Each structure stands twice: as C-alpha cells, then as structure tokens.
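Survey of secondary and tertiary structure
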Amino acid sequence: MSEAKAVNQIAELKEFAVVHARAQGIAEYRAILDRITHDGDGPGSWVGEWTAAADEFASRGEVLDAVRRYNLARFPYVDGPARQRAAELCARTFTGWARERGLTRVDVELPGGLVRCWADGLSTTGPRPLVLVSGGIVSIKEHWAPTLGLLRRFGLAGVVMELPGAGENTLRYDEDSWRMIPAILDRLADRADVRRSYALALSFSGHLALRAATEDPRLRGIVTVGAPIDGFFTDRDWQSKLPAVTVATLAHQAAVPVADLPDTLASWALSAERLRGLDIPIAYVASARDEIIPRSDPESLAESVRDTALLWHDDVHGAPGHVRHTQLWSALSLLDMVGGRLPQRALLRVAVAIARLGRI
C-alpha cells in the first residue's frame with residue numbers, strides 16, 4: 001500500500017468512527033484519533049491507541065468503558081492479528097460484564113455458521129414482546145448490548161445480534177442472510193412473545209429486517225437508521241463513489257473480491273412490489289448528505305410502505321451530529337409501535353422536542 005493510500009485509509013477510518021464513538025459515549029475520542037498515524041500495530045496505530053485506552057479503563061475496573069474502546073480497536077472488521085486480539089479482548093471482557101448482570105447467551109446454529117447473541121428479559125412463565133437489536137456492517141453486538149437493560153425496564157425482552165461476518169457471527173453475508181432473523185425468533189419462541197417482535201435494526205441490519213418482515217409476520221414494526229433499500233444495491237454510478245471502508249467491509253463479509261461486489265449486491269434490492277406487501281409501521285432516520293445510502297432509498301421506502309415515518313437530518317451517514325435526537329426519536333418510535341407505557345412515551349416526546357431544538 002502506498003503512503004498516500006494508507007493516509008487516506010486512516011482518514012476514512014477516523015471519519016466513520018466518530019458516530020460509533022459518540023453513540024457509545026466515548027468522551028475522549030478526538031484525543032485518541034489525534035494520536036493515530038498509521039494502521040499497523042503498536043503505539044500510534046489504530047489498534048494500538050484504542051487498545052491502550054481500553055486497557056487503562058480495564059485496569060480501573062471500568063469494564064464497559066473498556067469494552068467500548070476495544071470495540072473501536074477492532075473497527076471496522078478483523079483483517080489481521082492485531083484486530084483479532086482486540087476483538088477477542090472485547091468479547092471476553094464483555095462476557096464477564098454480561099454474566100454479572102444476568103444476560104443470557106443465545107447461540108443459533110444455522111447450516112452456514114453460528115449466530116451468537118445476548119438476550120435479556122426472557123421468561124418461560126411471562127413471555128414479553130421481543131425486540132431484536134443490531135447495527136450495520138461495522139457494528140458488533142457488544143456495542144448495542146447495554147440497551148438490553150433499558151428494553152427490560154420498558155417491559156420488553158431483547159436480543160442483540162450481528163450481521164453475518166461481523167463480530168462472532170460466522171455466517172457469510174449474502175442474499176439469504178435475512179433467514180437468520182426467523183431462526184432467532186424460533187430459538188426464543190419458548191421464552192418471549194415472538195408473535196409480537198420488533199426490530200431496532202440500524203443501517204444494513206435495517207435492510208435485513210425489512211426483507212425478513214416481508215416473509216415473517218411475527219415482525220410487527222421496524223426502527224432503522226440509514227438502511228439501504230434498492231438504489232444502493234443497483235446503482236453502479238453510486239457504488240463507484242462509495243467510501244473505500246464500506247466497500248472493503250462489504251466485500252469481506254460477503255467473501256467476494258471487491259470487483260465482484262456490484263454483481264453480488266444487485267439481487268439484494270427490495271422491490272416496490274415486495275415492500276408494498278408490508279402492513280407494519282416503519283420508522284426511518286435518514287441523512288440528507290449520506291455518502292453511503294442514496295436519498296432515493298428512504299424515499300422509495302416511504303412511497304411503498306404506507307405506514308412509514310421519516311426523520312431527516314442535515315448530516316452524513318449515521319447522523320453523527322444528531323446522535324441524541326436519533327436515539328430519543330428511535331426509542332419513542334419503538335414504544336409507539338409496541339403500545340402501552342404512556343408515561344414513558346410522554347416523557348420521551350418532550351425529550352425529542354427538546355433534542356430537535358438542539359438543547360440536549
């Protein structure tokens with residue numbers, strides 16, 4: 001790799017890590033990013049600086065803060081020994097935290113591999129509605145697992161999962177990856193009311209959840225942020241301008257050469273005909289300056305699915321400048337879909353209104 005290409009790659013990593021750092025509440029992320037000058041190993045490297053920050057929190061017993069930084073150390077995906085070590089530290093450290101808090105490990109074996117999840121709020125005697133939580137191609141379940149406690153307080157069961165090829169999900173990412181969602185619902189059917197299942201599925205997981213919902217009536221609502229719908233998968237001109245990090249990650253998880261990616265993705269598009277069959281509420285957060293998802297994608301979703309609510313931000317992919325507003329609006333949208341919990345929903349409406357004004 002040329003020196004110029006390496007610098008550009010680091011610049012992209014820094015850009016796309018911001019939304020993940022903010023979403024996890026990593027206050028000093030700018031200082032860490034400023035210390036990173038290369039993508040190798042040791043001091044000054046992406047893995048080295050994030051791991052050093054994580055080790056410092058781990059030494060003080062601040063386990064979840066350590067996990068968040070190990071997560072960024074293995075970002076965007078494991079491509080060698082350094083990120084593999086970081087990924088293992090992240091998973092191992094989180095496992096201790098999760099077991100202390102009574103989270104349940106859920107492993108779902110499928111013909112192509114293993115889907116490893118964490119769950120909370122499960123019960124054989126009082127099954128609750130289920131919320132599936134997942135991020136995009138660069139997110140792992142450890143990022144989202146702390147939301148399980150919040151879901152439980154809202155009277156819901158929750159399970160965090162990963163896209164195929166991300167984290168500990170050993171499936172290959174392909175056109176049929178959506179089938180893992182019905183498999184997870186089947187696996188939890190004796191401990192959750194899976195007939196009332198909802199998805200908080202961000203980015204590419206949103207696409208997966210939408211595809212699953214067209215086949216599985218147990219999914220009764222979907223909240224997503226920046227999910228690809230159709231044009232992303234079929235527009236070759238748009239694909240030619242995608243960030244290198246996105247292209248490399250997709251190719252890695254689909255296990256295809258970068259040159260073959262456009263042909264691989266073409267059949268993944270959700271047609272208007274398929275989407276029109278959905279009669280469930282969809283809440284979608286879109287970014288007007290999204291460099292990954294074309295504007296036409298959320299617009300075509302809204303045209304095809306009658307009960308679609310769109311929240312537009314004047315921002316780039318993931319809306320890093322509007323994290324709090326997105327989080328609150330997504331939580332409110334989810335509770336509106338589930339129903340009940342009127343006091344919490346009323347408080348969330350006030351919080352969303354304040355966030356819209358930029359006050360929190």
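Residues numbered from 1 in each chain as written. Predicted model: local features only at pLDDT ≥ 70, side-chain atom pairs only at ≥ 80, totals over all residues. Heavy atoms only, no water.

Here's the deal with the environment of E175
As for its placement among the helices and strands, E175 is situated in the loop between β4 (157-160) and α8 (180-187). Those residues in contact with E175 that lie beyond four places of it in its chain are S267 and W268. Side-chain polar atoms of E175 contact the side chain of S267, separated by 3.0 Å. (Helix = DSSP H or I, 4+ residues; strand = E, 2+ residues; numbered from the N terminus. Contact = heavy atoms within 4.5 Å. Polar contact = N/O pair within 3.5 Å; in protein donor to acceptor, adjacent residues only side chain to side chain.)

Observations concerning helix α3 (residues 46-59)
Over its 14 residues, α3 extends 20 Å from the first C-alpha to the last, a length consistent with the 20 Å expected when each residue adds 1.5 Å. Here α3 has its buried residues at W46, V47, G48, E49, W50, T51, A53, A54 and F57. (Expected span 1.5 Å × (residues − 1). Buried < 20%, exposed > 50% of the residue type's maximum accessible area, 1.4 Å probe, protein only.)

Concerning the packing of aromatic side chains
Under the criterion given, the structure shown has eight aromatic pairs. Measuring from centroid to centroid gives 5.3 Å for F94 and W97, while their planes differ by 35°, and the two rings are tilted. One end of the pair, F94, and the other, W97, are both in helix α5 (residues 81-100), three residues apart, so they sit about a helical turn from each other. Taking 5.9 Å as the distance between ring centres and 70° as the angle between the ring planes, the aromatic pair formed by F94 and W118 counts as edge-to-face. With F94 in helix α5 and W118 in strand β2 (residues 113-120), the pair connects residues that are 24 residues apart, well separated along the chain. For the pair F94 and W118, a shared accessibility class is recorded, and that class is buried. Ring pairing ties together the aromatic residues Y173, F204, F232, F233 and W268, which thus form one cluster. (Phe/Tyr/Trp six-rings, centres within 6.5 Å; stacked < 30°, edge-to-face > 60°.)

Side note on the sheet that holds strand β5 (residues 193-201)
As summarised here, the arrangement of the eight strands in space is β1-β2-β4-β3-β5-β6-β7-β8, forming an open sheet in which the pairing is mixed. The outermost strands of the open sheet, each flanked by one partner alone, are β1 (104-110) and β8 (308-313). Looking at each pair of strands side by side, their axes are set apart by 20° on average, direction ignored. Bridge analysis of β2 against β4 gives three bridges, and the strand direction is antiparallel. Paired with A119 across the bridge in β4 is V159. Here α8 sits on the sheet and contacts β1, β2, β3 (129-134), β4, β5 and β6 (219-225); the angle it forms with β1, its principal contact strand, is near 125°. (Pairing = 2+ DSSP bridges. Axes fitted to C-alpha atoms, helices over the stretch in contact; angles between N-to-C directions.)

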